[in-house]
Amino acid sequence: MYLNNLNPHQLQAVTLINEHALILAGAGSGKTKVLTTRIAWLINQRLASPYSILAVTFTNKAAKEMQERLASMVDINVKAMFIGTFHGLCHRILRLHAKEAGLSNDFQILDMQDQLSFIKKILKEKDIDEDTLAPKTLINFINQAKERGERSHQVSMLQDKFNGKLINLYKHYEDSCQKQNLLDFAELLLRCDDLLTYNQALRQHYQERFKYILIDEFQDTNTLQYTWLKRFRGLDNIFFAVGDDDQSIYSFRGARVKNMRDFEQEFEVKHLVKLEQNYRSDGNILKCANTIIDYNSARLGKNLFTQSSEGEKVKIYSASSDSIEASWVAQYITSIIDSGTKAQDIAILYRSNAQSRVFEHTLFKQHIPYKVYGGLRFFERAEIKHAIAYLQLVDNLSQQVSMLRVINFPPRGIGAKAIEQLQDLANNLDINLVDAYPHLQGKARVNIHNFVEIIKDIQSQAMNLNLADTIEYMLAKSGLIHHYETEKEGQDRVNNLKELISAAHSFYIEEKLPHDCSSLGMLDTKELELEYLPPNVNPLRLFLSYAMLESGETQQQGVQLMTIHASKGLEFDSVFITGLEEGLFPNEGNANNQDSMEEERRLMYVAITRARKNLFLTCSQSRMLYGRISFNRSSRFLDELPVENTKWLSPKNSRSKSNDFDNSDIYNYADQAQTMPFWMQNKLKEKQDMNETNAMAQKLAIKHTKIIQHDKIFKINTNVFSTKFGEGTIVSIEGESEKALAKIRFKKHGDKILNLAMANLNVID
DNA sequence: ATTAGCCGCATTTTT
DNA sequence: TGCGGCTAAT
């Protein structure tokens, strides 16, 4: 059954018993499959009950996939299992033991935005000018300290470049958060770690409970995450860590690859299992990946192989400008889509988000559907954050952060001055904002009173309404919906708010809460068989945490545009890795240092291994960057590729600036451009682009009157039938043999350019 | 309370 | 260049 389709190494990993294991799992080697199958196997072999397994990942998406795949193999309630993200699991443990962790049940999670505004507020209160100390400096200081597992009193003075000032502010931040029951993301982990460190009974409980501990993407763990994991190490539990040092691309945010080697030693790993068979990419692509990564020195050592065919060679194209690079990619995408690949199976990858603009522009012009990743996510949108703030207040009227966010939104005549007064009052009397406002006078008092009454009214309604209905009522009563409806261009925001109502609906279904269960009603977890839920929790509170921990994004249609970082873990039929230029990729500043250079190379490795069938690498000789045109040499990564597995679709440009383009217009243009005013550069560039495009068009336009494909003869005016577009007539043919593209005028769908070799066409007499 | 205009900045990011 | 964030002006 489920063990049958594993290769010997996968099987070995899945069935390892009585020993800690480190699995080196290459890209596309079936890592998730091994993890989930192992859990299923442990349960089916009765080596473990679902209750005694702890499985940790980094993203909600990965956690969800794990749960779904496990559910398909074992007939148990996977929701009740401890499978989740570091943050999600810590949150769950803290909910279960809030009191022991020094928290009250209504603790609230701060996301990054909230944390930043909270820090800014503190700096303001302390009368520290933002020029003296940037809020970002402080926030980084605090987060990095927490990720090392250090509280304010544990941070070394050497870390504090402001002579103790940062440590003091960290202390103050700790106190303020504690007072208001706020936890930032890092705090979820650190607080949970503290709980397990100082509460011996609980630590022992969990050590005995979790017999099997499995960790995904181990190369991405930071110091605190690894420390946290080790708290669960008791007398006889078994650790199973899966990772790939070659895919470690997050050291800039504290990921510590060294954790893999440390784990190997500290846990006395006997068998380092390597999963090296790749099930994703064709031969040529995989060869490129292996060759590139071999340039790195510090590796645990791994070489991927595949049983797939060689497939297409990796195609390389060098454009003269970023816009030509984009048009070339767009043109190729059109032909790929026309020959039957779905747009969502194509990805355009780049090193930095700013590069997306040219592609968006070009794809939009050519009516190619696309989706850009990396913008604001659903729960981060301003209107949603406002709605969430109202809900936080419904849960607990004394939440300051939320109160300050919406006390005057939509505007209700409570100005900055009134708010300041209110805060001062609360500080002086050492009470919270709701209790402080009756001490105010005049208009401010009346307006705040009315605001508080709105919340109280929503609260009383919420007693009898389920969450979706509560949100609907809140949106109306708070005036949020009305505010955006009357605002010009507010329709998107209104739609998002309505989407929040559906999100609450889905939440009930996902969490198996009964439809009529009220927002504020405590759940009878026994009766509902939701015993894994902590006591003293209502659906509203659960939803609020969910909103903070989940970004709320779903896969969308269209060509996928994203950074290489964002593409990790995904795969596509066709992948375009763009902007392969020195300074961009590898990024400037990372090229001089050996370690960061190697991380750039791992990034390249990750990018290459996303592709299943077709891989395209592009670069541009000139690029608009920060308002100037810069001229970059092509990336060293292009030189590191094996010649026999690649194919240049443009004249291979030399790495030394001198050769190929020495006498070309492009190079002259480059020379002149340095001294020209900006608008003139633009003009020139446009002209240049035109020439390039025409040249490209001409090159392609070697007209052929007759093309033979699959024994079928295609000529101009031949009538054809396509299963996708119906009947049409060939208008023109360009290119030859496998590359021949025909423009076909379809009766129903208009003009399309199809690849004659790929498109499924029949000739009609 | 809204808005124009100016300044400064500019990898990669999940929770 | 193009943006977000902040200030100054209506």
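Scroll up for the structure.
(A) Looking closely at the sheet that holds strand β14 (residues 611-620). Here seven strands make up an open sheet; going across it, the order is β11-β12-β10-β13-β14-β9-β17 and the pairing parallel. With partners counted over all chains shown, the strands left at the sheet margins are β11 (370-372) and β17 (646-648), one partner each. Here the strands of the sheet are splayed against their neighbours by 20° on average, with no regard to which way each runs. Here strand β9 (residues 314-319) runs beside β14; their pairing, made up of five bridges, is parallel. Within β14, the residue paired with serine 318 across the bridge is cysteine 619. Packed on one face of the sheet, helix α12 (residues 283-293) meets β9, β14 and β17 and runs near 55° to β14. Sheet strands in contact with helix α13 (residues 322-338) are β9, β10 (346-350), β12 (559-563), β13 (572-577) and β14, and its direction is about 160° off that of β14.

(B) Examining helix α22 (residues 491-510) more closely. Between its terminal C-alpha atoms α22 stretches 28 Å, which fits the 28 Å expected from 20 residues at 1.5 Å a residue. The complete set of buried residues in α22 reads Val494, Asn496, Leu497, Leu500, Ile501, Ala503, Ala504, Phe507 and Tyr508. Taken around the axis of α22, the buried residues stretch over an arc of 165°, which confines them to a single face. Opposite the buried face of α22, at more than 90 degrees from it, the exposed residues are Asp492 and Ile509. Looking at the packing, one finds that the buried side of α22 touches α15 (382-395), α20 (467-477), α21 (480-486) and α23 (539-549). Positioned one or two residues after α22, lysine 512 has a phi angle of 60°, which is positive.

(C) Spotlight on the side chain of glutamine 247. Positionally, glutamine 247 belongs in the loop between β7 (238-243) and α11 (258-266). Residue classification places glutamine 247 among the buried residues on the basis of a relative accessible area of 9%.

(D) Structural context of the pattern of salt bridges. For the structure shown, the criterion picks out 45 salt bridges. A salt bridge links glutamate 174 to arginine 151; its shortest N-O distance comes to 3.9 Å. With glutamate 174 in helix α7 (residues 165-180) and arginine 151 in the loop between α6 (135-147) and α7, the pair connects residues that are 23 residues apart, well separated along the chain. Here arginine 299 and aspartate 294 are joined by a salt bridge, their closest N and O atoms 3.7 Å apart. Given a relative accessible area of 17%, arginine 299 falls into the buried group. For aspartate 294, a relative accessible area of 55% translates into the label exposed. Several salt bridges converge on common partners, so that one network encompasses Lys146, Arg151, Glu174, Asp184, Glu187, Arg191 and Asp194.

(E) View of the packing of helix α5 (residues 112-125) against α7. Packing of α5 against α7 leaves a shortest axis separation of 11 Å and a crossing angle of 115°. In this structure, α5 meets α7 at a crossing whose hand is right-handed. When α5 is examined against α7, the residues Gln115, Phe118, Ile119, Lys121, Ile122, Leu123 and Glu125 are found in contact with a partner set consisting of Leu169, His172, Tyr173, Ser176, Cys177 and Gln180. When its residues are assigned to classes, the contact of α5 with α7 shows seven nonpolar, four polar and two charged.

(F) Expanded view of the protein's contact with DNA strand B. Within the structure, DNA strand B sits among 24 residues, and Asn60, Arg351, Thr563, Asn590 and Tyr626 are positioned closest to it. Within 4 Å of the protein, the contacting atoms of DNA strand B are 51% sugar and phosphate, with bases supplying the remainder. Asparagine 60 is positioned with one of its backbone polar atoms (N or O) 2.8 Å from a phosphate oxygen of DNA strand B. In this structure, asparagine 353 approaches DNA strand B through a main-chain N or O atom, which is 2.8 Å from a phosphate oxygen.

(G) Region of interest: the packing of helix α4 (residues 86-96) against α23. Contact geometry for α4 and α23: axes closest at 11 Å, N-to-C directions at 155°. Considered as vectors, α4 and α23 are oriented roughly antiparallel to each other. As α4 runs across α23, the sense of the crossing is right-handed. Taking contact as the criterion, the partners of His87, Gly88, His91 and Arg95 in α4 are, on α23, Arg541, Ser545 and Leu549. Residue composition of the contact of α4 with α23, by class: one nonpolar, four polar and two charged.

(H) Representation of the sheet that holds strand β3 (residues 82-85) in the model. Pairing in this open sheet of six strands is parallel, and the strands run β3-β2-β6-β7-β1-β8 from one edge to the other. Only two strands of the sheet have a single partner each, and these edge strands are β3 and β8 (272-275). With direction set aside, neighbouring strand axes in the sheet form an average angle of 15°. Here strand β1 (residues 21-25) pairs with β7 via four bridges, running parallel. Within β7, the residue paired with leucine 22 across the bridge is alanine 241. Running at roughly 160° to β7, helix α2 (residues 31-44) makes contact with β1, β2 (53-57), β6 (212-215), β7 and β8 of the sheet. Against the sheet, α4 engages β2, β3 and β6, with an angle of about 125° to β3.

(I) Region of interest: the pairing of β14. With respect to burial, β14 is a largely interior element, nine of its 10 residues being buried. Note that β13 and β14 share five bridges and pair parallel. Residue pairing for β14: isoleucine 577 is matched across the bridge by leucine 617. Each parallel crossover has a hand, and for β13 linked through helix α25 (residues 594-608) to β14 it is right-handed.

(J) Region of interest: unusual backbone geometry. The omega angle of the peptide bond from phenylalanine 409 to proline 410 is -5°, so this bond is cis rather than trans. Inspection of the secondary structure puts proline 410 in the loop between α16 (400-406) and α17 (416-429). Of note, the bond from phenylalanine 585 into proline 586 is cis; its omega dihedral lies within 30 degrees of zero at 5°. Relative to the helices and strands, proline 586 is located in the loop between β13 and α25. We note that aspartate 127 has phi near 60°; this positive angle belongs to a residue other than glycine. Mapped onto the elements, aspartate 127 comes out in the loop between α5 and α6. You will see that asparagine 163, though not glycine, has its phi angle at about 65°, which is positive. Accessibility expressed as a relative area gives 66% for asparagine 163, which makes it exposed.

(K) Molecular detail of the nonpolar core. Counting residues in hydrophobic clusters, the biggest one holds 62 residues, and the most contacted among them are Leu94, Trp228, Leu229, Phe232 and Phe263. With residues near it in sequence (within four places) discarded, phenylalanine 232 still touches Leu54, Ile93, Leu196, Tyr206, Gln207, Phe210, Ile213, Asn237 and Phe239. Core analysis: the second largest hydrophobic core is formed by 61 residues, Phe379, Leu393, Ile458 and Leu533 among them.

(L) Representation of a negative patch on the surface in the model. Negative charge collects at one region of the surface, where Asp127, Asp129, Glu130 and Asp131 lie side by side. Structurally, aspartate 129 can be placed in the loop between α5 and α6. Residue aspartate 129 is classed as partly exposed on the basis of its relative accessible area, which comes to 44%.

Rules and cut-offs
- Residues numbered from 1 in each chain as written.
- Chains lettered and ligands numbered in written order.
- Predicted model: local features only at pLDDT ≥ 70, side-chain atom pairs only at ≥ 80, totals over all residues.
- Heavy atoms only, no water.
- Pairing = 2+ DSSP bridges.
- Helix = DSSP H or I, 4+ residues; strand = E, 2+ residues; numbered from the N terminus.
- Axes fitted to C-alpha atoms, helices over the stretch in contact; angles between N-to-C directions.
- Contact = heavy atoms within 4.5 Å.
- Expected span 1.5 Å × (residues − 1).
- Buried < 20%, exposed > 50% of the residue type's maximum accessible area, 1.4 Å probe, protein only.
- Arc of directions from axis to C-beta.
- Salt bridge = Lys/Arg side-chain N within 4 Å of Asp/Glu carboxyl O.
- Left-handed = near helix turned anticlockwise from the far one by under 90°.
- Nonpolar A, V, L, I, M, F, W, Y, C, P; charged D, E, K, R; others polar.
- Near = heavy atom within 4 Å.
- Polar contact = N/O pair within 3.5 Å; in protein donor to acceptor, adjacent residues only side chain to side chain.
- Parallel < 35°, antiparallel > 145°, perpendicular 65-115°, else oblique.
- Right-handed = clockwise from strand over helix to strand, strands pointing away.
- Core = buried A, V, L, I, M, F, W, Y, C linked by side-chain atoms within 4.5 Å.
- Patch = residues over 30% accessible without salt bridge, like charges linked within 9 Å, V, L, I, M, F, W, Y side chains within 5 Å.
- Areas by Shrake-Rupley, 256 points an atom, 1.4 Å probe, with all protein chains shown as cover.
- Lys, Arg positive; Asp, Glu negative; His and termini not counted.
- Charge placed at Lys NZ, Arg CZ, Asp CG, Glu CD.

Scope: geometric values only; no functional claims are made or implied.
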